[in-house]
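The residues making up each chain are set out below.
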Amino acid sequence: MATYDTLGTTYARTRRPDPRIAARIHAALGDATDVVNVGAGTGSYEPSRTVLAVEPSQVMIAQRPPGAAPVVRAVAEHLPLRDGAADAVMALLTVHHWTDPVAGIAELRRVARRRVLVLTWDQRVFRERFWLVREYLPEAAAFDDDRAIPIDRLSELLGGARELPVPVPHDCVDGFAAAYWRRPDAYLDPQVRAGISLLSQPGEDTLAPGLARLADDLTTGHWHTHHTDLLNREAIDVGYRLLVTDH
Ligand SMILES: C[S@@+](CC[C@H](N)C(=O)[O-])C[C@H]1O[C@@H](n2cnc3c(N)ncnc32)[C@H](O)[C@@H]1O
């Protein structure tokens, strides 16, 4: 069973595409005529030029909206596509879930005629800049240390890539790990956490002490006193990166 067959049951509820992030992704795709989306999940950020989505989890596939691109059940490591099958291939917030990222990235490059796009995050920047993992849940960050692929390594596997920062808006619609940086109460909601693998995979017991401290700090006002600098910010860069490569 694919991991997201258990993790992904609420995905379509909390993980809707954010229009500002969509605009960045679509700009990075440029004039690519046709796009394959690998690790496509429920279809977030797929432009209308998407000709095929590739996704291993049946639970995620079942949440794709009517009218979404056709989908094939497969993994990045073995794409059921010929060489150069699409002008552009994209893989968004998925590479860290792959069992063999080296093979998967090689497959993206094989199938793309022109452009490969990967949305990921820089774990070093994330740990330093995102208050939730820095101050409350270092255990969750440690869990990600093992699966996050360093940007330099990913860039090398891509044969060199442009690195574009993706700031997270304060009201980000897509409920990924840092989406609620200015809405800290959200992290106390189990349904929100269920849509974030960083906060659902380590297990509730691991997270409980940090979450209890956060709940306390929100009740006493300590969090707000400590983070006044964040309260008027529109967006912050906590390390999400689009890697773009042409060949
Ligand atoms: C966090 S979701 C991202 C989904 C979508 N790209 C998005 O941005 O909303 C990660 C997705 O990667 C998929 N995945 C896990 N292992 C994979 C693999 N080896 N090859 C392709 N996709 C994989 C999961 O099933 C899940 O749908």
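In this report, we go over the structure that sits alongside the text. (Residues numbered from 1 in each chain as written. Predicted model: local features only at pLDDT ≥ 70, side-chain atom pairs only at ≥ 80, totals over all residues. Heavy atoms only, no water.)

## With respect to the overall build of the protein chain
Along the protein chain, the regular secondary structure elements total 14 helices and nine strands. Radius of gyration (C-alpha) of the protein chain: 18 Å, near the 18 Å computed for a compact globule of 247 residues. Expressed as a percentage of the 247 residues in the protein chain, the buried residues total 55%. Taking as baseline every contact in the protein chain between residues at least 6 positions apart, the subset at least 24 positions apart corresponds to 69%. Looking at the protein chain as shown, the accessible area adds up to about 10,700 Å², and 53% of this sits on carbon and sulfur atoms. (Helix = DSSP H or I, 4+ residues; strand = E, 2+ residues; numbered from the N terminus. Rg over C-alpha atoms; globule rule 2.2 N^0.38 Å. Buried < 20%, exposed > 50% of the residue type's maximum accessible area, 1.4 Å probe, protein only. Contact = heavy atoms within 4.5 Å. Areas by Shrake-Rupley, 256 points an atom, 1.4 Å probe, with all protein chains shown as cover.)

## Some details on the environment of A40
By the secondary structure assignment, A40 is in the loop between β1 (35-38) and β2 (50-54). A40 has contacts with E46, A53, V54, E55 and R64, leaving out every residue within four places of it along the chain.

## Some details on the nonpolar core
In this structure, I25, F126, F130, W131 and Y240 are the most contacted members of the largest nonpolar core, which totals 51 residues. Put simply, the parts of the chain that give this core at least two residues each are α3 (19-29), β4 (86-92), β5 (112-121), α7 (131-136), α8 (138-147), α11 (197-200), α12 (204-220) and β9 (240-246). With five residues, the top contributor of residues to this core is α3. Every residue in contact with Y240, bar those within four places of it in the chain, is listed here: L93, T120, W121, F126, L164, P165, V166, V168, F176, A177 and A178. Judged by nonpolar contacts, the second largest core, of 26 residues, contains V36, V89, A112 and L157. (Core = buried A, V, L, I, M, F, W, Y, C linked by side-chain atoms within 4.5 Å.)

## A closer look at the packing of aromatic side chains
Enumeration over the complete set of coordinates arrives at 10 aromatic pairs. Between the aromatic rings of W131 and Y136, the centroid separation amounts to 5.9 Å while the plane-to-plane angle is 90 degrees, which identifies the pairing as edge-to-face. Accessibility classification places W131 together with Y136 in one group, the buried group. Judged by centre distance (5.9 Å) and plane angle (80 degrees), the ring pair of W131 and Y187 falls under edge-to-face. Of this pair, W131 sits in helix α7 while Y187 sits in the loop between β7 (168-169) and α10 (190-194), and the two are 56 residues apart along the sequence. Judged by its relative accessible area of 0%, Y187 is buried. (Phe/Tyr/Trp six-rings, centres within 6.5 Å; stacked < 30°, edge-to-face > 60°.)

## Points about the pairing of β4
A regular strand carries its side chains on alternate faces of the sheet. In terms of burial, β4 is largely enclosed, as seven of its seven residues are buried. As judged from the six bridges shared by β4 and β5, these two strands associate in the parallel manner. Across the sheet, residue A91 finds its bridge partner in β5, namely V118. For the segment spanning β4, helix α5 (residues 101-111) and β5, crossover handedness is right-handed. (Pairing = 2+ DSSP bridges. Right-handed = clockwise from strand over helix to strand, strands pointing away.)

## Description of the sheet that holds strand β3 (residues 71-72)
Read from one edge to the other, the open sheet built from seven strands follows the order β3-β2-β1-β4-β5-β9-β6, with strand pairing classed as mixed. This sheet does not close on itself; its edge strands, each paired only once, are β3 and β6 (162-165). Where β2 and β3 come together, two bridges link them in parallel fashion. In the sheet register, V54 faces β3, and the bridge partner there is V72. Sitting on the sheet, α5 is in contact with β1, β4 and β5, with an inclination near 145 degrees to β5. (Axes fitted to C-alpha atoms, helices over the stretch in contact; angles between N-to-C directions.)

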